[in-house]
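# Descriptive structure summary
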Amino acid sequence: MVFSSDARWEMVDEITRQTVTYGTYKQTLGAVLGDLTVKPLTGIPVAVAALYAFWSVFTSFAGELVTDGFMVKFFDGLWLPWFQAIWPDPGSWHYFLFIGNPAADTCFEAFGMLTSGLFVSVGVVLPAVFVFYLMMTLLEDSGYLPRLAVLMDTVLHRIGLHGYAIVPIILGLGCNVPAVTATRILETKKQRFIMMTLLAIFIPCGAQLGIMMSIIPDLIGVVILCLIIGFGIFGFVLNKIIPGENPEILVDVPPYNWPVKEYVIKKLWNRTKGFLKEAVPFVLLGILLVNLLYLGGVIQGLANLFEPVFVTWFGVPKETVGPLIAAFLRKDLAIAQLSIIPMTAYQMVASVVLVTIYFPCVATFVVMLREGWKELIAAIAVLFVVVFIYGGLIHAVGILLGVA
Amino acid sequence: MLTELSDLPFGATAIVREINTSAHDLNCMGLRIGKELKMITKQPIKGPVVVLIGELEIAMGLEIAGRIMVETGTDI
Amino acid sequence: MTGGKTEMAVLVPERGTTVLMIGNPNVGKSALFNRITGANAIVSNYPGTTVDFTSGTFIGGGRTYTIIDVPGTYSLDPRDAAEEVAVRMLRDYPDAVVMIVLDATKTDRGLYVALEVMERGMPCIVAVNMMDAAHEKKISLDIAALQRILGVPVVATTATSGEGVRDLADMLRKAKVADIGAIAQRMRGEEPEREPAFTCGGCGGCGGR
Ligand SMILES: Nc1nc2c(ncn2[C@@H]2O[C@H](COP(=O)(O)OP(=O)(O)OP(=O)(O)O)[C@@H](O)[C@H]2O)c(=O)[nH]1
Ligand SMILES: [Mg+2]
């Protein structure tokens, strides 16, 4: 038997009338807090404060305490010299692949699988993503995300999305892979496409942010600003040219909850484990691949081939080609690789932005494919155009400001 | 008095009388004709509104709110 | 209670051993799913956490159940791609048992999709989750009455503490096809001619009806 929805609602009301009684209770602290974080007058300062807290914990704990205070000392002081001492044949191909530069003083410079590979993934990125995952988990479990969605709605609605797109965005700041799947919470194809494309281009993952923080602490702000501006500009353009509807936000705002300790620990553990299992092998593989290509002369060849585009159009050194190849596998690795190319501040910003926007990493690519190959191809087409235009635009701005 | 939900002032309560947009979606989220609601947030620059219906808190765009007619007055 | 697949490989999957978890978003389906199967589905406090299905195994009463955690949905008319997954799962597993999950503080909204599922004639069992939150908000639910009206097993649970989860899992084998016509009649105050032969598995709350 099938009912009309009205008949169903009637039944629902009758069942509730017969089985549920509502008592009165005092408003909880959570509800009061809920009001404060969603009202514009108090909500925006709260959001800014939350963001600031997030950032300071991120930089102080992951950056200064763990990476600089421990990992750098360990990897540069013990690990690298030890390998350099025991590995035979400093001039050989295997030394080059596994240990890298025999004269290197730091694990960034060495660029071998066992030196830089482990240093980048475990020494720099792991502490960063750990803190990132913790903060993200607290955001998710407390119930703040839907409130943030309300606050961000006005802005995001201008670029064809709506406030709830904050969910894939925040997830994307952790890792783009679950973020791409999370675009399913958006209502129309148009919104999903815009979100997926912007995710793939402009949202750096936690690993990327972690490595940026470690190698360009003074410039990361500029890089992020470039990404936000690009997100806005191209979101606006995509919204104008892509046909389809942009429905408004309509979302349930759940009550605040104290994050359940066991859940937080479990989630944190699973995400960290996932990172170790999936990211570390890719970083090592990336180094192997880049070193092999280098040994085979491929990178030098490509660098010469692309020199005109890189130098004249983007205004970055031709050596950037190597990192861009590594970026196919892992972007954190690519950024680590950029740090050993001698560059001006402008070139550093431009090349880090390029690495971020130019192509999704393999894993993201695969999940995008799963959401639909047509969309993937379209997204890639958009991506090439965006990289070209935005890379040139940044260069132009750099020239105007006299820094490029 | 019948007004658009988007015009309901902050903090006011009203009863839902007409839903002239995606009624099914709104019903499913708990906003139904005859229910009492309270406006708890209105975001500036045509931002969304948040209403409270019993235990439910629902955020919706201003246009959606504009298509919902609610009754305010002393009799409720 | 979680099962390795190897030891059970001899068992042919029987009808009613696939369980779909259907309910509104954010009612605690994934939390219950993790409790029952020992899996690691992501649990978060916002609607739309689960956007794809995950399956896990539960062994109870000599049967191996494949439990599938599904994205939350407000109705069976999907509004977005995540809800589409839920509807697709119902279509792809017509022989499955449906575990309908309700939020005790928001029962009315959840009952809508529950009725829609029941109309499809699939065997059902209802979990009324978030009982702790309902208690805090002084909402009282007559679980026994709900069970009598719906004519399918109804179990009160709190996924966060694990309360009632054992009962819920044990009740899986008592899942029944709801007689939606009879429910409608009971609502009108008429007793359906044939009282459904339903016996309680001992959840404690129903007074032996
Ligand atoms: N107080 C209380 N909170 C609960 C209970 N069960 C789940 N939660 C919380 O409710 C929130 C939602 O839980 P989930 O399991 O992610 O909900 P879901 O139904 O899977 O949600 P979707 O995947 O979005 O459809 C989480 O913050 C849980 O911690 C419960 O019994 N009591
Ligand atoms: Mg879930």
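Note: the structure precedes this text.
Notes on the structure follow. All values reported here derive from a predicted model rather than from experimental measurement.

Counting residues in each nonpolar core, the largest one holds 132 residues, and the members touching the most others are A:Leu161, A:Phe202 and A:Phe231. Setting aside its immediate chain neighbours within four residues, A:Phe202 contacts A:Leu227, A:Gly230, A:Phe231, A:Phe234, A:Ile357, A:Val386 and A:Tyr390. Formed by 69 residues, the second largest nonpolar core is a distinct cluster that contains B:Ile53, B:Ile68, C:Leu141 and C:Val152.

To continue, consider the sheet that holds strand 2 (residues 13–19) of chain B. Pairing is antiparallel across the open sheet formed by 7 strands, whose spatial order is 2(A)-5(B)-4(B)-3(B)-2(B)-6(B)-1(B). Only two strands of the sheet have a single neighbouring strand rather than two, namely strand 2 (250–252) of chain A together with strand 1 (2–4) of chain B. On average, each strand axis in the sheet is inclined to that of its neighbour by 40 degrees, with strand direction left out of account. Relative to strand 5 (residues 56–60) of chain B, strand 2 of chain A runs antiparallel, the two sharing 3 bridges. Across the sheet, residue A:Val251 finds its bridge partner in strand 5 of chain B, namely B:Ala59.

So, on to the site of ligand 1. Residues and elements named next belong to chain C. Taken together, 24 residues surround ligand 1, and among them Lys29, Ser30, Gly48, Thr50 and Asp132 come closest. Ala31 is positioned with one of its backbone polar atoms (N or O) 2.8 Å from an oxygen atom of ligand 1. Protein contact buries 96% of the 650 Å² of open area that ligand 1 shows by itself. At 3 residues, helix 1 (residues 29–37) tops the list of elements feeding residues into the shell around ligand 1.

All right, on to helix 5 (residues 143–150) of chain C then. Given 3.6 residues per helical turn, the α-helix brings residues three or four places apart onto the same face. Residues and elements named next belong to chain C. Burial analysis of helix 5 places 7 of its 8 residues in the buried class, which makes it a mostly covered element. Along helix 5, the positions that sit buried rather than exposed are Ile143, Ala144, Ala145, Leu146, Gln147, Ile149 and Leu150. Phi turns positive, to about 70 degrees, at Gly151, one or two residues after helix 5.

All right, on to the side chain of A:Thr188 then. Residue and element names in this part refer to chain A. Tracing the backbone through its elements, the reader meets Thr188 in the loop between helix 9 (176–182) and helix 10 (189–202). Overall, Thr188 belongs to the buried group, its relative accessible area being 17%. Within polar-contact distance, the side chain of Thr188 engages the backbone oxygen of Glu245 at 2.9 Å. Among all residues touching Thr188, those that are not within four sequence positions of it are Glu245 and Pro247.

On to the coordination of the magnesium ion (ligand 2), then. All names here are of chain C. Listed as protein donors to the magnesium ion (ligand 2) are Ser30 (OG) and Thr50 (OG1); their distances from the metal cover 2.0 Å. You can see Ser30 sitting in helix 1 and its partner Thr50 sitting in the loop between helix 1 and strand 2 (54–60), a full 20 residues away along the chain. When sorted by exposure, Ser30 lands in the same class as Thr50, which is buried.

Procedures and definitions
- Residues numbered from 1 in each chain as written.
- Chains lettered and ligands numbered in written order.
- Predicted model: local features only at pLDDT ≥ 70, side-chain atom pairs only at ≥ 80, totals over all residues.
- Heavy atoms only, no water.
- Core = buried A, V, L, I, M, F, W, Y, C linked by side-chain atoms within 4.5 Å.
- Buried < 20%, exposed > 50% of the residue type's maximum accessible area, 1.4 Å probe, protein only.
- Contact = heavy atoms within 4.5 Å.
- Pairing = 2+ DSSP bridges.
- Helix = DSSP H or I, 4+ residues; strand = E, 2+ residues; numbered from the N terminus.
- Axes fitted to C-alpha atoms, helices over the stretch in contact; angles between N-to-C directions.
- Near = heavy atom within 4 Å.
- Polar contact = N/O pair within 3.5 Å; in protein donor to acceptor, adjacent residues only side chain to side chain.
- Areas by Shrake-Rupley, 256 points an atom, 1.4 Å probe, with all protein chains shown as cover.
- Donors = N, O, S within 2.8 Å, 3.2 Å for Na, K, Ca; no water.

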